[in-house]
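Understanding the architecture of this molecule
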Amino acid sequence: MADLGRLIALSIQRVHSQQALSAETAVTLALRLPDPNLLLSKASTEFDCELALEQWVSTNDGGAIYYLTIHDADPKRVSAFLQDTPLDCDCTVVREADDDVPARIELRFTEQPNLPTDILRNYGGSMTTAQFVDGDVFLDIELPPAVDVRTVVDAIREVAPNVELMSKQSVNRPITSGPGFQNHITDQLTPKQETTLRAAYARGYYAWPRDTTVDELSEAFDISAPTVHYRLRKAQQTIVNAVVDDA
């Protein structure tokens with residue numbers, strides 16, 4: 001019965017995901033979660049700063065890597081604060097602040113943290129932005145138009161009772177949406193290629209001048225530099241093929 005339940009849930013999730021990709025409209029929600037006990041919320045209060053989640057990557061060993069920008073605080077001090085916690089995580093500054101470009105840190109967890117927004121996958125939804133300011137978490141999420149908003153919010157409140165719905169609106173978007181194109185590409189990547197590509201992008205490997213090197217990426221993933229090169233080249237070839245051949 002448990003296996004049957006998981007199979008039904010997965011089937012429903014796939015239906016919602018397909019609806020999200022093919023719909024010409026979407027529902028966007030703005031949520032506020034006042035939880036000063038969350039690690040990143042504590043950091044925003046401790047340093048009176050703003051942290052914004054830009055990229056997150058699931059690793060093959062069940063962990064997760066988060067890339068966050070920091071505004072109005074020393075990234076090294078924030079990194080040291082996040083490192084000195086009971087959680088099993090490792091924090092590294094991957095880019096210092098430069099003119100109008102904010103600093104960026106890499107926060108690596110051995111185990112995938114449980115987040116209130118994890119349940120969005122059951123409804124074909126996704127979190128588009130997350131900001132941590134003054135001990136509060138501000139989330140923007142996107143849902144397929146057919147999904148009942150009240151049901152989703154109630155489901156989030158089961159794990160985060162203090163969550164507040166700040167706004168809701170319907171937005172128009174073309175069928176050939178960004179998420180649809182991204183899924184078209186990521187479906188062709190292996191998990192290791194996608195993880196390496198996302199980490200390289202978040203660390204500034206594709207910036208000019210580059211904020212990181214292949215050697216630094218290989219050290220972060222504990223693999224050889226030629227392996228990093230191979231994964232990036234294969235991932236880049238997939239992206240170029242999707243743009244040029246499928247245009």
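Above this note sits the structure.
Residues numbered from 1 in each chain as written. Predicted model: local features only at pLDDT ≥ 70, side-chain atom pairs only at ≥ 80, totals over all residues. Heavy atoms only, no water.

**A few points about the overall build of the protein**
When helices and strands are counted, the protein shows eight helices and eight strands. Taken over 247 residues, the protein has a buried fraction of 40%. In the protein, once contacts between residues fewer than 6 apart in sequence are set aside, the share between residues at least 24 apart is 64%. With an accessible surface of roughly 14,300 Å², the protein has 50% of that area assigned to carbon and sulfur atoms. (Helix = DSSP H or I, 4+ residues; strand = E, 2+ residues; numbered from the N terminus. Buried < 20%, exposed > 50% of the residue type's maximum accessible area, 1.4 Å probe, protein only. Contact = heavy atoms within 4.5 Å. Areas by Shrake-Rupley, 256 points an atom, 1.4 Å probe, with all protein chains shown as cover.)

**Re unusual backbone geometry**
Most peptide bonds take the trans form, and the phi angle of most residues other than glycine is negative. Residue proline 209 is bonded to the preceding tryptophan 208 through a cis peptide linkage, with omega at -5°. One can find proline 209 in the loop between α6 (191-202) and α7 (214-221). A positive phi angle, near 50°, is found at aspartate 48, a position not held by glycine. By secondary structure assignment, the location of aspartate 48 is in the loop between α2 (39-46) and β2 (50-58).

**A word on the sheet that holds strand β4 (residues 89-95)**
Taken in spatial order, the eight strands of this open sheet run β4-β5-β3-β2-β6-β7-β1-β8, and their pairing is antiparallel. Taken across any chain shown, the strands that pair with only one partner, and hence form the sheet edges, are β4 and β8 (164-172). Strand-to-strand twist of the sheet, defined as the mean angle between neighbouring strand axes without regard to direction, takes the value 20°. The strands touched by helix α3 (residues 75-83) are β2, β3 (64-71), β4 and β5 (103-109); relative to β4, the strand with the most contacts, the crossing angle is about 170°. (Pairing = 2+ DSSP bridges. Axes fitted to C-alpha atoms, helices over the stretch in contact; angles between N-to-C directions.)

**Quick word on the layout of surface pockets**
Taken as a whole, the second largest pocket holds about 570 Å³ of empty space. Residue lining of the second largest pocket: 29 residues in total, with Leu38, Leu40, Pro113, Asn114 and Leu115 positioned closest to the centre. Partitioning the lining of the second largest pocket into residue classes produces 22 nonpolar, four polar and three charged. (1 Å grid on protein atoms, 1.4 Å probe; cavity = no way out; pocket = protein on both sides within 12 Å on 5 of 7 lines; lining within 4 Å. Points joined across faces, edges and corners; volume = space filled by probe spheres on them. Nonpolar A, V, L, I, M, F, W, Y, C, P; charged D, E, K, R; others polar.)

**Regarding the side chain of serine 41**
Secondary-structure assignment places serine 41 in helix α2. Here aspartate 35 takes part through its backbone oxygen, which lies 3.2 Å from a polar atom of the side chain of serine 41. Each residue touching serine 41, except ones within four places of it in the same chain, is listed here: Asp35, Pro36, Phe132, Gly135, Asp136 and Val137. (Polar contact = N/O pair within 3.5 Å; in protein donor to acceptor, adjacent residues only side chain to side chain.)

**Topic: the nonpolar core**
Core analysis: the largest hydrophobic core is formed by 40 residues, its most contacted members being Leu51, Leu68, Leu82 and Leu107. No other element matches helix α4 (residues 149-159), which puts five residues into this core. In this view, leucine 68 contacts Leu40, Leu51, Ala52, Leu53, Ala103, Arg104, Ile105, Leu107 and Phe132; residues no more than four positions away in its chain are not counted. One finds Leu189, Leu197, Leu232 and Ala235 within the second-largest nonpolar core, a separate group that totals 11 residues. (Core = buried A, V, L, I, M, F, W, Y, C linked by side-chain atoms within 4.5 Å.)

**Focus on α3**
Residues of α3 that are buried: Pro75, Val78, Ser79 and Leu82. Buried residues along α3 cover an arc of 100° about the axis, so they all sit on one side. Exposed side of α3, more than 90 degrees from the buried face: Lys76 and Arg77 are the residues found there. On its buried face, α3 is in contact with α2, β2, β3, β4 and β5. Between the side-chain oxygen of the N-cap and the backbone nitrogen of lysine 76 there are 3.0 Å, and the N-cap of α3 in question is aspartate 74. (Arc of directions from axis to C-beta.)

**As for the packing of aromatic side chains**
Applying the stated rule across the entire model yields three aromatic pairs. Summarising the aromatic geometry, the rings of phenylalanine 47 and phenylalanine 81 are spaced 5.6 Å apart at their centres and angled 90° between planes, so their arrangement reads as edge-to-face. On the criterion of sequence distance, the pair formed by phenylalanine 47 in the loop between α2 and β2 and phenylalanine 81 in helix α3 is long-range, its members being 34 residues apart. On the basis of relative accessibility, which here comes to 15%, the residue phenylalanine 47 falls in the buried class. (Phe/Tyr/Trp six-rings, centres within 6.5 Å; stacked < 30°, edge-to-face > 60°.)

**Concerning the side chain of aspartate 136**
Examined against the element boundaries, aspartate 136 turns out to sit in strand β7 (residues 136-143). For aspartate 136, a relative accessible area of 15% gives the class buried. Looking at aspartate 136, its side chain comes within polar contact range of the side chain of arginine 32, at 3.0 Å. Not counting chain neighbours up to four residues away, the residues in contact with aspartate 136 comprise Arg32, Leu33, Pro34, Asp35, Ser41 and Gln131.

So far we have only geometry, and geometry alone does not tell us how the molecule works.
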